[in-house]
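# Report on the structure
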Amino acid sequence: SGWFTNGSASGTYLGVGQGSGNQVMLPSGNGTLALLTNTYSTRLKTTQQVTSFNDTLMNDLTLFFPVSSGSKYKFNFDIYYSTMANADFKYGLAGPAISSLLFSSNGILPSGTAAFNSIIRSTSGVADSVLGTADGTGFVKINGYIHSAGNGALLLKWAQNTAQLTDTTILAGSSLEYKEVV
């Protein structure tokens, strides 16, 4: 943590400190630092995750976050994947007992010439399929809100839409941002 002047002639100061993880601390007015609660935590996929001959949704090993009973969260997934045309790609979200889950997703098919949008869900564990006609890399963006009724994690689950011996891969660089909202 450190103290930095804001450059004014009056000598006022802006105090900034680092909390745990991606948290930012700001002056609370009584000489202490308080947590800035409007920041997102980020999970970045640094290695790819591959599946082949598997059409059963599985947990992503990186793109998940912990939730606490009674808490509310906003989240944003950016998912880059590669697949063969016959395998395609499907995904969904799952978590603990959920009193409220709302999310929408949109993206670009591997062909790069077509988009899909407005897939809106209010339940977990449902798979949405991205069916393309070309091999290559695609993108899915998921934005949402969860009000958890139990402790656990909100998980991205994914698989091939049709089990094929070719690989379907979530690529490094895919990410998740999340924050608790009050």
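As the structure is a prediction and not an experimental result, all values here were calculated from the model.

A few words now on the nonpolar core. By size, the foremost hydrophobic cluster in this structure holds 27 residues, and its most contacted members are Phe75, Tyr91 and Ile142. Counting only elements with at least two residues in this core, the list comes to β7 (58–67), β8 (72–83), β9 (89–94), β10 (98–108), β11 (115–121), β13 (136–148), β14 (152–159) and β16 (175–181). By residue number, the principal contributor to this core is β8, which donates five residues.

Here the focus is the pattern of salt bridges. Under the counting rule described, the total for this entry stands at two salt bridges. With its nearest N and O atoms 3.0 Å apart, the salt bridge here joins Lys45 to Asp60. Linking Lys45 in the loop between β5 (41–44) and β6 (49–52) with Asp60 in strand β7, this pair joins segments that are 15 residues apart in sequence. For the pair Lys45 and Asp60, a shared accessibility class is recorded, and that class is buried. Across the pair Asp78 and Lys141 runs a salt bridge, and its minimum N-O distance is 2.6 Å. With Asp78 in strand β8 and Lys141 in strand β13, the pair connects residues that are 63 residues apart, well separated along the chain.

Our next topic: the environment of Asn143. With respect to the helices and strands, Asn143 occurs in strand β13. When the C-alpha atoms of Asn143 and Leu176 are compared, they prove to be 9.8 Å apart, with 33 residues separating the residues in sequence. Other than its neighbours up to four places away in sequence, Asn143 contacts Phe75, Asn76, Leu102, Phe103 and Ser104.

Quick notes on the rules
Residues numbered from 1 in each chain as written. Predicted model: local features only at pLDDT ≥ 70, side-chain atom pairs only at ≥ 80, totals over all residues. Heavy atoms only, no water. Core = buried A, V, L, I, M, F, W, Y, C linked by side-chain atoms within 4.5 Å. Buried < 20%, exposed > 50% of the residue type's maximum accessible area, 1.4 Å probe, protein only. Helix = DSSP H or I, 4+ residues; strand = E, 2+ residues; numbered from the N terminus. Salt bridge = Lys/Arg side-chain N within 4 Å of Asp/Glu carboxyl O. Contact = heavy atoms within 4.5 Å.

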